Amino acid sequence: MTKPIIGIAGSEMIDTEGLFLGYRRSYINEDYVDSVVQNGGVPYVIPFTGNDDVVKAQMEHVQGVILSGGHDVDPHLYGEELKPNIGEIWPARDHFDMLLLKLAEEMGKPVLGICRGAQIINVAHGGSLYQDVAYRKEQTLKHDQQHTPDLPTHGMKVKEGSVLAQTLGKTEFMVNSFHHQLINKVAPDLIEVAHASDGVIEGLENKAGNVLAVQWHPEMLHKNPDTKFQNNLFKFVIENAK
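Let me sum up the structure you'll find in this document. Since we're looking at a predicted model, the values are computed, not measured.

Moving on, we get to the pairing of strand β5 (residues 64–67). Along β5, one buried face is formed by Gly 64 and Ile 66 and the opposite face, lined by Val 65 and Leu 67, is buried too. Of the pairings in the sheet, the one linking strand β1 (residues 5–9) to β5 comprises 3 bridges and is parallel in character. Looking across to β5, one finds that Ile 6 is bridged to Gly 64. Bridge count between β5 and strand β6 (residues 111–114): 3 bridges; the pairing is parallel. When the bridges of β6 are listed, Leu 67 appears paired with Gly 113. Traced from β5 through helix α3 (residues 91–107) to β6, the parallel crossover comes out right-handed.

Right, dumping it as structure tokens:
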């Protein structure tokens with residue numbers, strides 16, 4: 001049986017030292033690749049490009065999509081100016097990720113959004129973000145543990161009966177956390193299905209059940225014996241690949 005090809009949205013990094021100072025490199029964290037391989041898929045890193053026709057051609061070669069983490073989402077996309085605590089933005093990548101999402105949805109291909117990827121899904125569908133945890137009025141937990149990637153640090157509750165709950169096989173567990181932006185208003189055609197213990201929205205899904213979005217990093221948890229059920233998120237994309 002041919003294994004499904006799963007596209008992972010790539011980013012860029014810039015050399016800050018050495019022979020090629022300032023050189024731009026396409027990359028993705030290895031954990032994303034490992035997570036797809038370990039769960040029966042073939043990883044295909046989709047390198048960033050500003051050429052829409054190339055993006056459309058790239059999507060013809062994959063059967064599912066993972067939107068990865070990275071830069072802050074440009075607040076102009078949800079009608080806000082930049083506030084002091086915003087991090088680095090990259091509008092061209094926002095466009096790239098949103099085009100991947102749009103094409104995947106049009107083609108009926110499953111999508112998993114992780115961290116920034118979850119935020120992109122919400123904003124692309126008409127939702128908004130808190131540009132930083134400081135702008136949320138309610139008391140908020142530490143959502144950027146800054147170390148030990150596979151260490152779960154705060155609680156998570158998933159709505160019973162949701163596609164996310166059925167996929168994970170659990171409704172209460174601990175997760176890792178590496179984000180300073182938060183989902184604010186949920187897009188009208190998405191459903192909020194997971195919350196941290198401070199009430200922060202951490203999981204979304206579409207009504208068709210083929211797009212999942214999580215704010216934590218399951219790719220960093222898939223090797224931890226206590227959190228191996230997070231592999232089910234990658235199995236969701238692989239088993240529903242089209």
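Let's shift gears to the environment of His 222. Mapped onto the fold, His 222 is located in the loop between β13 (211–214) and α6 (231–239). Filtering out sequence-adjacent residues up to four positions away, His 222 remains in contact with Asp 31, Asp 34, Ser 35, Gln 38, Lys 228 and Asn 231. Looking at His 222, its side chain comes within polar contact range of the main-chain oxygen of Glu 219, at 2.7 Å.

This structure, assessed with the given rule, holds 5 aromatic pairs. Seen from their ring centres, Phe 48 and Phe 96 are 5.4 Å apart, and the 75° between their planes marks the pair as edge-to-face. One end of the pair, Phe 48, is in the loop between β4 (42–46) and α2 (52–59); the other, Phe 96, is in helix α3, and 48 residues separate them in sequence. With respect to burial, Phe 48 and Phe 96 carry one shared label: buried. Consider the rings of Phe 173 and Phe 229, whose centres lie 5.2 Å apart with planes at 70°: the pair is edge-to-face. On the criterion of sequence distance, the pair formed by Phe 173 in strand β9 (residues 172–175) and Phe 229 in the loop between β13 and α6 is long-range, its members being 56 residues apart. For Phe 229, a relative accessible area of 13% translates into the label buried. Site record: aromatic cluster; members linked through ring pairs are Phe 48, Trp 90 and Phe 96. Between the NZ or CZ atom of Lys 83 and the centre of the ring of Tyr 135, over which it lies, the distance is 4.9 Å. One cation-aromatic arrangement involves Lys 170 over Phe 229; the distance from NZ or CZ to the ring centre is 5.1 Å.

What counts and what doesn't
- Residues numbered from 1 in each chain as written.
- Predicted model: local features only at pLDDT ≥ 70, side-chain atom pairs only at ≥ 80, totals over all residues.
- Heavy atoms only, no water.
- Buried < 20%, exposed > 50% of the residue type's maximum accessible area, 1.4 Å probe, protein only.
- Helix = DSSP H or I, 4+ residues; strand = E, 2+ residues; numbered from the N terminus.
- Pairing = 2+ DSSP bridges.
- Right-handed = clockwise from strand over helix to strand, strands pointing away.
- Contact = heavy atoms within 4.5 Å.
- Polar contact = N/O pair within 3.5 Å; in protein donor to acceptor, adjacent residues only side chain to side chain.
- Phe/Tyr/Trp six-rings, centres within 6.5 Å; stacked < 30°, edge-to-face > 60°.
- Lys NZ or Arg CZ within 6 Å of the ring centre and 35° of its normal.

What is shown is where atoms sit, not what they do.
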